[in-house]
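Per-entry structural report
Residue strings, one per chain:
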Amino acid sequence: RLQSVAEERAQRQAQRAENEKRFEARQAENETKCAEFECRRAAWEARQAARPRKETDKWDSDSAYTESTVPSSGFVDEVDTAEVESRASMDKKVRKLAKVLREICKLEECEQLEILQAAKVAR
């Protein structure tokens, strides 16, 4: 043992006091940061409240086409059906509904259906 019990106790108490001072300093720093943040937030909210809002209802009621933007009658948009089908098949709901339709088609071919199968075809 290099130190007496009293010296070790005094050293621990000094260390604890130092830790408490550091903790209080961090708490004070955090409080000032929070106050600064709240000040910046209030200023931002004030700027947002002062900003004019866009009127979306106006745009919803207006026509999307004018004479200059209407597509000409000769313009036909080429659609690749394979690409459309591949993009649609990526969606989970589309795959699920396609499966149900396939099952219904198979059930319609059957002559005798059980109760649940008849309910499925009736959908």
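For the structure, see preceding data.
In short, a report on the structure. The structure presented is a predicted model; accordingly, all values stated were derived computationally and were not measured.

Parameters at a glance
Residues numbered from 1 in each chain as written. Predicted model: local features only at pLDDT ≥ 70, side-chain atom pairs only at ≥ 80, totals over all residues. Heavy atoms only, no water. Helix = DSSP H or I, 4+ residues; strand = E, 2+ residues; numbered from the N terminus. Buried < 20%, exposed > 50% of the residue type's maximum accessible area, 1.4 Å probe, protein only. Areas by Shrake-Rupley, 256 points an atom, 1.4 Å probe, with all protein chains shown as cover. Salt bridge = Lys/Arg side-chain N within 4 Å of Asp/Glu carboxyl O.

**Some remarks on the overall build of the chain**
Regarding its fold elements, the chain presents five helices and zero strands. Reading the chain from its N terminus to its C terminus gives the helix and strand order α-α-α-α-α. Counting all 123 residues of the chain, 3% fall into the buried class. When the accessible surface of the chain is totalled, it reaches about 12,200 Å², and 54% of it is carbon and sulfur.

**So, the pattern of salt bridges**
Enumeration over the complete set of coordinates arrives at four salt bridges. Notably, a salt bridge pairs Lys-33 with Glu-29, separated by 3.5 Å at the nearest N-O pair. Of this pair, Lys-33 and Glu-29 both sit in helix 1 (residues 5-50), four residues apart, which is roughly one turn of that helix. Judged by relative accessible area, Glu-29 falls into the partly exposed class, the value being 41%. Here Glu-45 ties to Arg-41 by a salt bridge, and the two come within 3.9 Å at their closest N and O atoms. In this pair, Glu-45 and Arg-41 both sit in helix 1, four residues apart, roughly one turn of the helix. Glu-45 gets classed as partly exposed once you look at its relative accessible area, which sits at 43%. We classify Arg-41 as partly exposed; its relative accessible area is 41%. When salt bridges that share partners are traced, they join Glu-38, Arg-41 and Glu-45 into one network.

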